[in-house]
Amino acid sequence: MSSILLNRRAKREYEILETVEAGIVLTGPEVKSLRLGKANIGDAYADPKDGEIWLINCHISEYSNAQKEFHSSPTRPRKLLLHKKEIKKLQGSVQKQGLALIAVSYTHLRAHET
């Protein structure tokens, strides 16, 4: 499985203590832009707010063939999908230990019938 996006600076600038796999809420045009590789997670980080985790500063370019009403801000906050137990653990790490949550990679998985 290969990554579509990779934050190469993350391993140089941070000590990676733990990795967590999360889903992300995207619109249709954002998915198409990601598949074309038109995104950047170099400055992206996650921020816990109100019992949810949000991905901030992830730049996903507008998909050129999308209708104008589907265009959104390229750096809009995007909700990450995690179990409540994981969210509480990450939230505690950020608040109590002063750790940062950064985006390391994005991998697209396709569902298929077996």
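Above: the structure in question.
The rules we used
- Residues numbered from 1 in each chain as written.
- Predicted model: local features only at pLDDT ≥ 70, side-chain atom pairs only at ≥ 80, totals over all residues.
- Heavy atoms only, no water.
- Helix = DSSP H or I, 4+ residues; strand = E, 2+ residues; numbered from the N terminus.
- Buried < 20%, exposed > 50% of the residue type's maximum accessible area, 1.4 Å probe, protein only.

## Notes on unusual backbone geometry
Step number 1: A positive phi is found at Asp-50, a non-glycine position, where the angle reads about 55°.
Step number 2: Among the secondary structure elements, Asp-50 is positioned in the loop between strand E4 (45–49) and strand E5 (52–56).
Step number 3: You can call Asp-50 exposed: its relative accessible area is 79%.
Step number 4: Of note, Asn-57 is a non-glycine position whose phi angle comes to about 65°, a positive value.
Step number 5: Topologically, Asn-57 is positioned in the loop between E5 and strand E6 (59–60).
Step number 6: For Asn-57, a relative accessible area of 37% corresponds to the partly exposed category.

## Re the environment of Gln-95
Step number 1: With respect to the helices, strands and loops of the structure, Gln-95 is situated in helix H3 (residues 84–97).
Step number 2: The class for Gln-95 is exposed, based on a relative accessible area of 60%.
Step number 3: Through-space distance from the C-alpha of Gln-95 to that of Pro-48 is 9.4 Å; in sequence the pair is 47 residues apart.

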